[in-house]
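Coordinate analysis (summary)
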Amino acid sequence: MKPFSELSAEELAMENLFIRWVRFPDDQAIRSYWENWIVKYPSRKETVDKARELVLIASDWKPEMLSNQDVNSIWGRIRNSLDMIGDRDSKKVSPDAPNRDFTAKGIILILMSVTFLFFLFYFIFGSH
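As a starting point, this report considers the structure included with it. (Residues numbered from 1 in each chain as written. Predicted model: local features only at pLDDT ≥ 70, side-chain atom pairs only at ≥ 80, totals over all residues. Heavy atoms only, no water.)

Quick notes on the packing of helix 2 (residues 16-23) against helix 3 (residues 28-40)
Running from amino to carboxyl end, helix 2 crosses helix 3 at an angle of 105°, the nearest separation of the two axes being 9 Å. In this view, helix 2 runs roughly perpendicular relative to helix 3, as classed from their interaxial angle. Seen from helix 2, the contacting residues are Leu 17, Phe 18, Arg 20 and Trp 21; seen from helix 3, they are Ile 30, Arg 31, Tyr 33, Trp 34 and Ile 38. Counted by class, the contact of helix 2 with helix 3 contains 7 nonpolar, no polar and 2 charged residues. (Axes fitted to C-alpha atoms, helices over the stretch in contact; angles between N-to-C directions. Helix = DSSP H or I, 4+ residues; strand = E, 2+ residues; numbered from the N terminus. Parallel < 35°, antiparallel > 145°, perpendicular 65-115°, else oblique. Contact = heavy atoms within 4.5 Å. Nonpolar A, V, L, I, M, F, W, Y, C, P; charged D, E, K, R; others polar.)

Let's talk about the packing of aromatic side chains
The tally for this structure, following the rule as stated, stands at 8 aromatic pairs. Geometrically, the ring pair formed by Trp 21 and Trp 34 is stacked, given 5.7 Å between the ring centres and 20° between the ring planes. Linking Trp 21 in helix 2 with Trp 34 in helix 3, this pair joins segments that are 13 residues apart in sequence. The exposure class of Trp 34 is buried, given its relative accessible area of 0%. Plain terms: the ring middles of Trp 37 and Tyr 41 are 4.9 Å apart, the flat faces sit at 40° to each other, and that makes the pair tilted. Each residue in the set Phe 4, Phe 18, Trp 21, Tyr 33, Trp 34, Trp 37 and Tyr 41 is aromatic and connected to the rest through ring pairs, giving one cluster. Lying across the ring of Trp 21, Arg 52 places its NZ or CZ 4.9 Å from the centre. (Phe/Tyr/Trp six-rings, centres within 6.5 Å; stacked < 30°, edge-to-face > 60°. Buried < 20%, exposed > 50% of the residue type's maximum accessible area, 1.4 Å probe, protein only. Lys NZ or Arg CZ within 6 Å of the ring centre and 35° of its normal.)

Describing the side chain of Thr 47
Secondary-structure assignment places Thr 47 in helix 4 (residues 45-60). Look at Thr 47 and you get buried, because its relative accessible area is 17%. With residues up to four places along the chain from it excluded, the contact list for Thr 47 reads Leu 7, Ser 8 and Ala 9.

Let's talk about the packing of helix 2 against helix 4
For the pair helix 2 and helix 4, the least separation of the axes is 10 Å and the interaxial angle reads 75°. Judged by the inter-axis angle, helix 2 sits roughly perpendicular to helix 4. Taken together, the residues of helix 4 that come into contact with helix 2 (itself represented by Phe 18, Ile 19, Trp 21, Val 22 and Arg 23) are Val 48, Ala 51, Arg 52, Val 55, Leu 56 and Ser 59. Of the residues in the contact of helix 2 with helix 4, the class split is 8 nonpolar, 1 polar and 2 charged.

Any functional reading would require information that these geometric values do not contain.
Below, the structure is given as structure tokens:
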């Protein structure tokens, strides 16, 4: 695992400790940790601000606001992305090489699905 100081805004926004700080700012121990961390890494303030905004947007997201059309559109974009990755990768593979296209797509699809489900359950059951 990379240290927080090396994470992008998107990566930082997925860290539980960071999410808790943004969502529960009254938790003194966590607030103190992040305030001290920002003092130690002032060059990361813009990244922290961007990550904080991502957490707030995601926290405000209501899964029931998505229509079936929205869900189908999201899955369509995921499939198109996987197809583009597969097309790009298949051009690089020699005819003698084993077909790794299915494996790469499967792994990416599983990771994206798990991430989607995590956020879905987190915002349904985690927001009190």
